[in-house]
Number of protein chains: 2
Amino acid sequence: MAEQASERISEAELAVMEVLWADAPLTAMDVAERIDPARGWSDRTVKTMLGRLLAKGVLAFEEDGRRYLYRPLVERAAHVAGSTRQLVDRLFGGRAAPLVAHLAENHALSDDDIAELEALVRELRK
Amino acid sequence: MAEQASERISEAELAVMEVLWADAPLTAMDVAERIDPARGWSDRTVKTMLGRLLAKGVLAFEEDGRRYLYRPLVERAAHVAGSTRQLVDRLFGGRAAPLVAHLAENHALSDDDIAELEALVRELRK
DNA sequence: TATTGACGACTACGCGTGTAATCCATTACG
DNA sequence: CGTAATGGATTACACGCGTAGTCGTCAATA
């Protein structure tokens, strides 16, 4: 079987994926232009990331003349799910409730968040 | 000022920290013995981790004759908070509620979890 | 007392990551 | 047409990480 979905996406690579999750397909230059300028990346760096993501099998490209048009092969939701599971497993004994409790304890929840949670819980209870 | 608390703890290092968060101070051998055998680590590896954690300023030691007794300098809760915040920032736009929503959508919440959440929300609403 | 073993300190080494620079082919421009 | 710009491929390089091995020293033991 081919590369399993478990290919790890690093922090820097994630910045590139986010661009492509927001809009694809894009050329390397397109991607570079949409990377947060705060990162101060050179185009070369973006190219490197694209190459590595291709190698990891999480991106695909189609040729557009001399250039490539890149598109994600993995969905953002899948990445989010994997990363979240990892956190829950590593630090919360694999259970989600303690994570939510932690968020609550740390005042990480705004009033709006709490209101949203209430709605969520009502929804879940059904 | 000395090493800031933001020193990163790697996955392997975390295994060592967990042992010391559970019980400290401990000698290097004590720690090695309490590491999950499933990791198949040699004592040397554990020593290396202890050294690196000392260098990072997240552990301290006191001499006990010829050996060291290691103890954590950072609290588990602080590490958990940092890691959680990082996930929330990176993948959930810095807001906790979407994370909880994600957990819900992914059926990551058991009935018990939901009951716990209800109680939590009731508590938060006060 | 001479040897052996336990300890921390230092060294090793291959792979991933962050951050590019260089190479080579092709295309666009003067 | 010759030269520069553009685009992907390859190479670079330092640092962190996973996983130890080696060195020098001190203590226990035969």
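Please refer to the structure higher up on the page.
Computed from a prediction, not measured in an experiment: that's the story for all the values here.

Within chain A, the secondary structure is distributed over six helices and two strands. For chain A, the N- to C-terminal ordering of α and β elements is α-α-α-β-β-α-α-α. Its C-alpha radius of gyration of 18 Å places chain A more than 25% over the 14 Å reference for a compact globule of 126 residues. Oriented by its inertia axes, the alpha-carbon framework of chain A measures out at about 55 × 40 × 25 Å. Here chain A holds 126 residues, and the buried ones make up 39% of them.

For the structure on display, the rule yields 20 salt bridges over all chains. Between R95(A) and E116(B) there is a salt bridge whose closest N-O contact spans 3.3 Å. With one member in each of two chains, R95(A) in the loop between helix 4 (76–91) and helix 5 (96–105) and E116(B) in helix 6 (residues 111–125) form a pair that bridges those chains. Residues D113(A) and R95(B) are paired through a salt bridge, measuring 2.4 Å at the closest nitrogen-oxygen approach. Of this pair, D113(A) sits in helix 6 (residues 111–125) while R95(B) sits in the loop between helix 4 (76–91) and helix 5 (96–105), placing the two residues on different chains. We classify R95(B) as partly exposed; its relative accessible area is 32%. Through salt bridges with shared partners, a single ionic network connects E11(A), R39(A) and R90(B).

This paragraph deals with the pairing of strand 1 (residues 59–64) of chain A. Residues and elements named next belong to chain A. As paired elements, strand 1 and strand 2 (residues 67–72) share six bridges and run antiparallel to each other. Along strand 2, the bridge assignment pairs F61 with Y70. What sits between strand 1 and strand 2 in their antiparallel hairpin is a turn of two residues, with G65 showing a positive phi close to 65 degrees.

Our focus in this paragraph is the packing of aromatic side chains. All names here are of chain A. What the rule picks out here adds up to four aromatic pairs over all chains. For the pair Y68 and Y70, a centre-to-centre distance of 6.0 Å together with 65 degrees between the ring planes defines the contact as edge-to-face. Taken together, the ring pairs connect F61, Y68 and Y70 into an aromatic cluster.

Turning our attention to the protein's contact with DNA strand D. Around DNA strand D, the structure places 22 residues, and the nearest of them are R66(A), S10(B), R44(B), T45(B) and T48(B). Each atom of DNA strand D within 4 Å of the protein was classed as base or backbone; sugar and phosphate made up 60%. The contact in question runs from a phosphate oxygen of DNA strand D to an N or O atom on the side chain of W41(B), over 2.8 Å. Breaking the surface near DNA strand D down by element, the ones donating at least two residues are helix 2 (28–34), helix 3 (43–55) and strand 2 of chain A together with helix 1 (11–22) and helix 3 (43–55) of chain B. Looking at which element gives the most residues to the surface near DNA strand D, the answer is helix 3 of chain B, with five residues.

A few words on the relation of the copies chain B and chain A. Overlaying chain B with chain A gives an RMSD of 0.2 Å, the required rotation being 179 degrees about an axis along which the chain moves by 0.0 Å. In the structure described here, the two chain copies are related by an operation that fits a two-fold rotation axis. Among all residues of chain B, the one whose C-alpha sits closest to the rotation axis is V100(B), at a distance of 3.4 Å. A shared interface surface links the copies, since 100% of the contact residues of chain B are contact residues in chain A too.

Turning next to the interface of chain B and chain A. Facing the 36 residues of chain B at the interface are 36 residues of chain A. Of the roughly 3,300 Å² buried where chain B meets chain A, counting both sides, 71% is carbon and sulfur surface. For the chain B face of the interface with chain A, the top three residues by lost area are R90(B), L91(B) and L124(B), together amounting to 17%. For the pair chain B and chain A, the number of links is eight salt bridges. Remark: the boundary between chain B and chain A carries ten residue pairs in polar contact (both at pLDDT 80 or more). Looking at which element gives the most residues to the side of chain B that touches chain A, the answer is helix 4 of chain B, with ten residues. Among the residues forming the side of chain B that touches chain A, the class breakdown is 21 nonpolar, six polar and nine charged.

Rules of the game
Residues numbered from 1 in each chain as written. Chains lettered and ligands numbered in written order. Predicted model: local features only at pLDDT ≥ 70, side-chain atom pairs only at ≥ 80, totals over all residues. Heavy atoms only, no water. Helix = DSSP H or I, 4+ residues; strand = E, 2+ residues; numbered from the N terminus. Rg over C-alpha atoms; globule rule 2.2 N^0.38 Å. Buried < 20%, exposed > 50% of the residue type's maximum accessible area, 1.4 Å probe, protein only. Salt bridge = Lys/Arg side-chain N within 4 Å of Asp/Glu carboxyl O. Pairing = 2+ DSSP bridges. Phe/Tyr/Trp six-rings, centres within 6.5 Å; stacked < 30°, edge-to-face > 60°. Near = heavy atom within 4 Å. Polar contact = N/O pair within 3.5 Å; in protein donor to acceptor, adjacent residues only side chain to side chain. Least-squares fit on C-alpha atoms with pLDDT ≥ 70 in both. Contact = heavy atoms within 4.5 Å. Buried area = accessible area lost by both parts, 1.4 Å probe. Nonpolar A, V, L, I, M, F, W, Y, C, P; charged D, E, K, R; others polar.

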